[in-house]
Every structure is written in C-alpha cells, then in structure tokens.
Amino acid sequence: MKTNLDPNFLAPADLARADTILRSCVHCGFCTDGCPTYQLLGDENDSPRGRIYLIKDMFETGQVNAAQVTHLDRCLSCRNCETNCPSGVAYTDLLDIARGAIEQQQTRRVTSRVGRWLLRRGLGLPRLLAAAFSLARQMGRWPGLAKRLPVRLSQKRSSGSVVITQPTPQKVLLLAGCVQQAATPNVNLAVEQLLAVSGVEVVRVAKESCCGALNYHLGDHAAGLADMRRLLHTLDAAGPDAAPIVSSASGCGVTLKDYPSHFPVGDPDHELAHRIAARMVDVVELFNDHTIKAAPMRVAVHTPCTLSSGQQLVTNVADVLTRAGIDVVALGPHLACCGSAGTYSVLQPKLARALQAKMVTALTTHSPEVIVTANIGCQMHLGAGTDVPVLHWAELLWQQHEALLAAPDLVPDR
Ligand code: SF4
Ligand code: SF4
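Read on for an overview of the structure. (Residues numbered from 1 in each chain as written. Chains lettered and ligands numbered in written order. Predicted model: local features only at pLDDT ≥ 70, side-chain atom pairs only at ≥ 80, totals over all residues. Heavy atoms only, no water.)

### Topic: the sheet that holds strand S4 (residues 280–282)
Strand order across the open sheet formed by four strands is S2-S1-S3-S4, with parallel pairing between neighbours. The two strands at the open ends of the sheet, each matched to only one other strand, are strand S2 (201–204) and S4. In this sheet, adjacent strand axes meet at a mean angle of 40° when their direction is disregarded. Bridging between strand S1 (residues 171–175) and strand S3 (residues 245–247) involves three bridges; their strand directions are parallel. The residue bridging Leu174 from the neighbouring strand is Val246, located in S3. (Pairing = 2+ DSSP bridges. Helix = DSSP H or I, 4+ residues; strand = E, 2+ residues; numbered from the N terminus. Axes fitted to C-alpha atoms, helices over the stretch in contact; angles between N-to-C directions.)

Here is the structure:
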C-alpha cells in the first residue's frame with residue numbers, strides 16, 4: 001500500500017512504525033471474513049481492511065473525523081485479523097497508534113472523555129475494585145438483584161481443606177491481576193493449589209500494579225507506558241531471577257508478553273522488557289507436560305482471543321482438561337470474540353451483547369454443565385449471558401480434582 005503520511009500528525013517513532021505497517025498491507029482482504037465486527041455488521045469499515053484505510057486516511061490528512069472514531073471504537077482488538085493475514089500486518093500496533101492520535105486530538109465529547117477516564121482510573125485500582133466486587137457479591141446472594149448485575153461473580157470460598165504436597169525447588173511468580181483478584185479471588189487460589197500438587201512453589205508478587213493494558217488500549221499511551229515500566233521494575237525486583245512469571249488472566253498475560261514492542265532499542269528498559277517478557281507464561285503452559293486427574297464433567301471451553309490469537313495457545317486448555325478426564329464438548333459455529341474485550345462491553349454494550357449471545361449459543365450447543373474460559377473479562381461477560389456457570393478452567397480443574405480425591409471410584413477410564 002502506498003502512503004503519504006502527514007509528518008506533523010504523529011510523533012516520529014509512531015509515524016515511522018505506522019508507515020511500515022501500512023505499507024505491509026496488500027489489501028487482499030483475507031483478514032475480513034474472520035473479523036467478528038464485519039461478520040456481525042457486514043460493513044467494510046468494520047473490517048480490518050476497512051479500518052486500515054480509515055487509519056491511513058487519518059494519518060495522511062492529519063484530521064480525525066467522526067466515522068473514523070466510530071469504526072475504530074467498534075474494533076475489539078481481538079487480533080483474529082493478524083492470525084489470518086498472510087502479509088504479517090501488525091494491525092493491533094497500527095490501531096493503538098490511531099487510538100492514541102484520537103485521544104490526543106480530543107475529538108470526543110466531554111462526557112465520553114470523562115467516562116473513559118473513570119474507567120481507566122477505576123479498573124486499575126485493586127482495592128477500590130475489591131470493595132465494589134465485594135458489595136456486588138453480597139447483592140448477588142439476593143436472586144432478584146443478581147439478575148440485574150452486569151457481570152456474574154463467583155462466591156468467595158475458603159481454601160481450608162486442601163492437602164498441599166511438599167514443594168519442589170521449582171518456583172514461579174504468580175501475578176494476581178487487578179480485576180481478577182477483586183472479582184474472582186478463587187481463581188488464583190485454585191492456581192496455587194494446582195501448582196502446589198504439581199510440586200511448584202508459588203511466590204505472589206508484592207505491590208503488584210496494573211500491566212498497562214487498560215490505559216494503553218484506551219489511547220492513553222503515556223499512562224499505559226508508565227504502568228508497564230512500573231510493573232517491569234516490580235517484577236525485576238520480585239525475584240527469583242529466572243523463575244517463570246505466571247498469569248492466569250490471558251488479557252494481562254498477552255500484554256506482558258508484548259512488552260518488548262513498547263520499549264524499542266535506546267529505551268533504558270529495552271533489555272529488561274525482553275527479559276521479563278521471556279519469562280512470562282500463561283498458567284496453562286505449566287500443564288503442557290503433566291496431568292492432574294479430575295472427576296468427569298461435561299464442559300465447554302471458551303478460548304479467549306488473548307489466549308488464541310494473542311498467545312497462540314489455541315487448544316491448550318481443552319487438552320489439559322481432556323487429559324484430566326473431563327469431557328470437553330464441541331462448540332457450535334461461532335465468531336472469534338465473545339465481546340468482552342477489556343472495556344468493550346462497557347463502551348460498546350449493544351455490539352458486546354450481540355457477540356455474547358452468539359458465543360453463548362455456540363458454547364451451549366451440546367448442553368455442557370459448565371463453561372470454562374481463561375480470562376476474567378470473558379468469564380464475567382459470558383457469565384452475565386447464560387445460566388450455565390462460567391468458571392476459569394483452573395478453578396474447574398481444582399474443583400473436579402478435589403471431587404475425585406473425595407470419591408476415587410470416579411476415576412475416569414482415560
Ligand atoms: S491486513 Fe493482511 S489480510 Fe488484511 S488486507 Fe491487509 S494484507 Fe490482506
Ligand atoms: S482486531 Fe478483531 S475486531 Fe478488530 S479488525 Fe481485527 S478481527 Fe476485526
């Protein structure tokens with residue numbers, strides 16, 4: 001694609017990066033069919049190729065218009081287009097540059113700007129979130145109010161009866177995640193217990209802060225980079241030196257694995273970003289080589305975009321559960337994203353609900369007892385759209401492992 005970008009519209013590094021990405025697109029359209037918003041709306045401007053043209057126009061004219069903002073806001077950042085692109089176009093990087101430019105130009109209404117500011121600030125404060133979710137959890141005990149909650153929350157349970165085996169010298173650092181530790185604290189308890197019975201010692205990260213995804217993907221690049229830099233140094237100081245850093249929220253994990261792209265050569269944290277990113281694993285990667293047995297159950301697996309397109313861990317959760325003895329049911333036809341997508345379900349509620357309904361239909365086609373996923377946002381968003389319980393897969397695996405210990409005659413044949 002030929003370009004003639006306005007040299008004054010973007011900072012020099014963004015200008016060069018945007019130019020390279022735009023020129024790598026050959027407008028073949030292979031990316032469009034797998035794009036959830038294109039499949040839903042049928043408008044080329046809501047496809048990756050259409051959005052690339054809108055961004056090119058913005059960067060060439062040096063002007064932001066309402067149509068560009070509308071169609072770029074509708075993008076889920078699910079990365080399915082990157083997976084399907086034969087030319088390796090770094091679409092998400094381009095989109096992030098465009099979103100940063102939109103925020104810089106301040107073209108949004110004041111109410112929209114205030115709402116986005118509150119989201120960025122509020123969701124990055126674990127204590128405030130914990131208080132809010134605790135209140136919501138109490139409301140969730142009352143059936144009438146539970147139906148009105150925009151998200152479904154797990155009821156906190158104690159980890160009291162757990163038998164933990166002797167830990168081996170192998171250690172991991174466990175990230176709790178801002179939203180996850182407040183909304184579904186059982187998930188990290190389950191992860192710790194699964195790792196403990198696998199002989200892995202878990203060290204929690206003290207003074208953990210936001211990974212930066214929230215600010216960065218909402219276009220506040222300066223705040224997002226500051227968040228990333230803060231967490232980089234926290235993790236560097238947390239030790240042990242070479243231990244894997246584990247995330248059980250795939251949205252946070254993919255952001256940390258992407259850190260090197262935000263700290264180019266010349267940045268004082270360039271080398272640190274590479275070192276930390278190389279240590280990052282999603283928790284499912286720790287179960288690639290061994291099996292934890294579990295009592296059988298019919299389960300539908302939702303694979304978040306941040307795990308499949310973001311981390312290329314497409315079948316890992318289903319594989320771990322199948323090896324455990326859990327019956328993983330097939331899904332019906334579905335789009336690539338459930339509509340959660342960070343703050344998307346709040347900022348684009350109508351589209352998010354349409355995507356949620358399609359995903360729930362696909363997941364419940366074969367009547368599972370439970371739906372599992374691997375990211376807190378997806379868990380809450382899907383949970384609000386179905387009466388089938390939606391859990392993190394680690395929580396389900398631990399629950400079924402305990403059930404098997406309590407009733408060993410449930411040992412599956414496999
Ligand atoms: S982003 Fe990739 S798949 Fe989509 S039009 Fe451009 S080159 Fe083709
Ligand atoms: S990131 Fe997802 S929603 Fe956005 S253009 Fe790509 S496929 Fe479509």
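Next comes the rest of the account.
### A few points about the pattern of salt bridges
Summed over all chains, the structure comprises 15 salt bridges. A salt bridge links Asp19 to Arg23, with the nearest nitrogen and oxygen atoms 3.2 Å apart. Separated by four residues within a single helix, Asp19 and Arg23 lie in helix H1 (residues 12–24), roughly one turn from each other. The exposure class of Arg23 is partly exposed, given its relative accessible area of 45%. (Salt bridge = Lys/Arg side-chain N within 4 Å of Asp/Glu carboxyl O. Buried < 20%, exposed > 50% of the residue type's maximum accessible area, 1.4 Å probe, protein only.)

### Some words on the site of ligand 1
Around ligand 1, the structure places 13 residues, and the nearest of them are Cys25, Cys28, Gly29, Cys31 and Cys85. Most atoms of ligand 1, that is more than half of them, are within 2 Å of grid points of the largest cavity. The class makeup of the residues in the shell around ligand 1 is nine nonpolar, three polar and one charged. (Near = heavy atom within 4 Å. 1 Å grid on protein atoms, 1.4 Å probe; cavity = no way out; pocket = protein on both sides within 12 Å on 5 of 7 lines; lining within 4 Å. Sits in = over half its atoms within 2 Å of the grid points. Nonpolar A, V, L, I, M, F, W, Y, C, P; charged D, E, K, R; others polar.)

### Let's talk about empty space enclosed by the protein
By the definition in use, this model includes three cavities of 30 Å³ or more. If you add up the space inside the largest cavity, you get close to 120 Å³. Lining the largest cavity are 16 residues; nearest its centre among them are Cys25, Cys31, Ile52, Cys85 and Val89. For the lining of the largest cavity, the elements supplying multiple residues, two or more each, are helix H3 (48–61) and helix H5 (80–84). Broken down by class, the residue content of the lining of the largest cavity amounts to 11 nonpolar, three polar and two charged. Size it by volume and the second largest cavity reaches roughly 70 Å³. Taken together, 13 residues line the second largest cavity, and the ones lying closest to its centre are Cys35, Arg51, Cys75, Cys78 and Cys81. Those elements giving two or more residues to the lining of the second largest cavity turn out to be helix H2 (36–41), H3 and H5. (Points joined across faces, edges and corners; volume = space filled by probe spheres on them.)

### Section: the site of ligand 2
As a structural note, the neighbourhood of ligand 2 is formed by Cys35, Pro36, Thr37, Pro48, Arg51, Cys75, Leu76, Ser77, Cys78, Arg79, Cys81 and Tyr91. Given that more than half its atoms are within 2 Å of the pocket grid, ligand 2 belongs to the second largest cavity. Those elements giving two or more residues to the shell around ligand 2 turn out to be H2 and H3. In the shell around ligand 2, the residues fall into eight nonpolar, two polar and two charged.

### Examining the layout of surface pockets
Estimates place the volume of the second largest pocket at around 400 Å³. Forming the walls of the second largest pocket are 14 residues, and the residues nearest its centre are Asp14, Arg17, Tyr216, Ser261 and His262. For the lining of the second largest pocket, the elements supplying multiple residues, two or more each, are H1, helix H6 (91–105) and helix H13 (221–238). Residues lining the lining of the second largest pocket come from more than one domain, with at least three contributed by each of domain 1 (12–108) and domain 2 (126–286). (Domains from an automatic or database assignment.)

### A closer look at unusual backbone geometry
Generally, phi is negative for residues other than glycine and the peptide bonds are trans, each holding for most cases. You will see that Ser77, though not glycine, has its phi angle at about 55°, which is positive. Following the sequence through the fold, Ser77 ends up in the loop between helix H4 (66–73) and H5. Positive phi is not limited to glycine here, since Gln312 has a value of about 55°.

### Some remarks on the sheet that holds strand S6 (residues 327–328)
Here we have four strands laid out as an open sheet, ordered S6-S5-S7-S8, and parallel in their pairing. The open sheet has two edge strands, S6 and strand S8 (390–392), and neither has a second partner. Where strand S5 (residues 298–301) and strand S7 (residues 370–373) come together, three bridges link them in parallel fashion. Counterpart to Val299 in the pairing with S7 is Val370. The sheet contacts of helix H20 (residues 376–383) involve S7 and S8, and relative to S8 the element is tilted by about 170°. (Contact = heavy atoms within 4.5 Å.)

### A word on H1
An ideal rise of 1.5 Å per residue puts 18 Å on 13 residues; H1 measures up with 19 Å between its terminal C-alpha atoms. For H1, the set of buried residues is Leu15, Ala18, Ile21 and Leu22. With its buried residues spanning 135° around the axis, H1 presents them on a single face. Of the exposed residues in H1, the ones pointing more than 90 degrees away from its buried face are Pro12 and Ala13. For H1, the secondary structure elements touched by its buried residues are H3 and H6. (Expected span 1.5 Å × (residues − 1). Arc of directions from axis to C-beta.)

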